[in-house]
Amino acid sequence: MPAMLPRLSAAVLFGSCALAPLPAAAASGACPNPELSLGCGSCHGAAPNALPALPPDPAPALYARLARLRDAPYTGTVMPRLLASLDDQTLHAIAAAVACERGHAP
């Protein structure tokens, strides 16, 4: 049986913030909690070998995606494992930060 990965805290999950450039909207101070979206860009950035791009959806749709991934019955991919220890409040904050970065009002 494969070993289970430990649940990661938000601090560990978003500890790679320094690897991603600060988005323009977030840099201007227009978005709440811009640091929450920085870790996402490490994998979902604009590089040619990036994972699927984050959709330009409003915060409620992004939250729904994150919650589905967190609550997924499978653990074969990274996202359910990364999101497993995050509560709804944190997922809402992440969704709002990503949506704002992509042009939706905070």
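Structure: see above.
Criteria and cut-off values
Residues numbered from 1 in each chain as written. Predicted model: local features only at pLDDT ≥ 70, side-chain atom pairs only at ≥ 80, totals over all residues. Heavy atoms only, no water. Core = buried A, V, L, I, M, F, W, Y, C linked by side-chain atoms within 4.5 Å. Buried < 20%, exposed > 50% of the residue type's maximum accessible area, 1.4 Å probe, protein only. Helix = DSSP H or I, 4+ residues; strand = E, 2+ residues; numbered from the N terminus. Contact = heavy atoms within 4.5 Å. Axes fitted to C-alpha atoms, helices over the stretch in contact; angles between N-to-C directions. Parallel < 35°, antiparallel > 145°, perpendicular 65-115°, else oblique. Left-handed = near helix turned anticlockwise from the far one by under 90°. Nonpolar A, V, L, I, M, F, W, Y, C, P; charged D, E, K, R; others polar. Disulfide = S-S within 2.5 Å. Salt bridge = Lys/Arg side-chain N within 4 Å of Asp/Glu carboxyl O.

S.K.: With reference to specific residues and values, describe the nonpolar core.
M.R.: Counting residues in each nonpolar core, the largest one holds 14 residues, and the members touching the most others are Leu 66, Leu 91 and Ile 94. Every element with two or more residues in this core is listed here: helix 3 (35–44), helix 4 (59–70) and helix 6 (88–101). Per element, the largest residue contribution to this core is six residues, and it comes from helix 6. Those residues within four positions of Leu 66 in sequence are excluded, and the remaining contacts are Met 79, Leu 83, Leu 91, Ile 94 and Ala 95.

S.K.: Give a detailed account of the packing of helix 4 against helix 6, specifying residues and quantitative values.
M.R.: Relative orientation of the contacting elements helix 4 and helix 6 amounts to 135°, with a least axis distance of 8 Å. Relative to helix 6, the element helix 4 lies oblique. Where helix 4 crosses over helix 6, the handedness of that crossing is right-handed. Across the interface between the two elements, Ala 59, Leu 62, Tyr 63, Leu 66, Ala 67 and Arg 70 of helix 4 pack against Asp 88, Leu 91, His 92, Ile 94, Ala 95, Ala 96, Val 98 and Ala 99 of helix 6. A per-class count over the contact of helix 4 with helix 6 returns 11 nonpolar, one polar and two charged.

S.K.: I'd like a rundown of the side chain of Arg 70, residues and numbers included.
M.R.: One can find Arg 70 in helix 4. Residue classification places Arg 70 among the buried positions, given a relative accessible area of 16%. Apart from residues no more than four positions distant in its own chain, Arg 70 is found in contact with Pro 80, Leu 83, Ala 84, Leu 86, Asp 87, Asp 88 and Leu 91.

S.K.: Just give me the short version of the state of the cysteines, but keep the residues and values in it.
M.R.: A full pass over the atoms with the stated rule returns one disulfide. Bridging Cys 31 to Cys 100, the disulfide has an S-S length of 2.0 Å. For the disulfide bridge between Cys 31 and Cys 100, the dihedral angle about the S-S bond is near -85°, and by the sign convention the bridge is left-handed. Taken together, the positions of Cys 31 in the loop between helix 2 (24–27) and helix 3 and Cys 100 in helix 6 put the pair 69 residues apart, joining distant regions of the chain. Residue Cys 31 is classed as buried on the basis of its relative accessible area of 6%. Note on Cys 43: no disulfide assigned, nearest cysteine sulfur contributed by Cys 40 at a separation of 8.9 Å. Overall, Cys 43 belongs to the partly exposed group, its relative accessible area being 43%.

S.K.: Let's hear about the pattern of salt bridges: which residues, and what values?
M.R.: Under the criterion given, the structure shown has four salt bridges. Put simply, Asp 71 and Arg 70 hold a salt bridge, and the shortest N to O gap is 2.9 Å. The closest approach of N and O atoms between Arg 70 and Asp 88, which form a salt bridge, is 2.8 Å. Placement of Arg 70 in helix 4 and of Asp 88 in helix 6 is noted, with a sequence separation of 18 residues between them. Classification of Asp 88 by relative accessible area gives partly exposed; the value is 37%. One connected set of salt bridges, linked through shared partners, spans Arg 70, Asp 71 and Asp 88.

It is worth stressing that arrangement in space is one thing and function is another; only the former is reported here.
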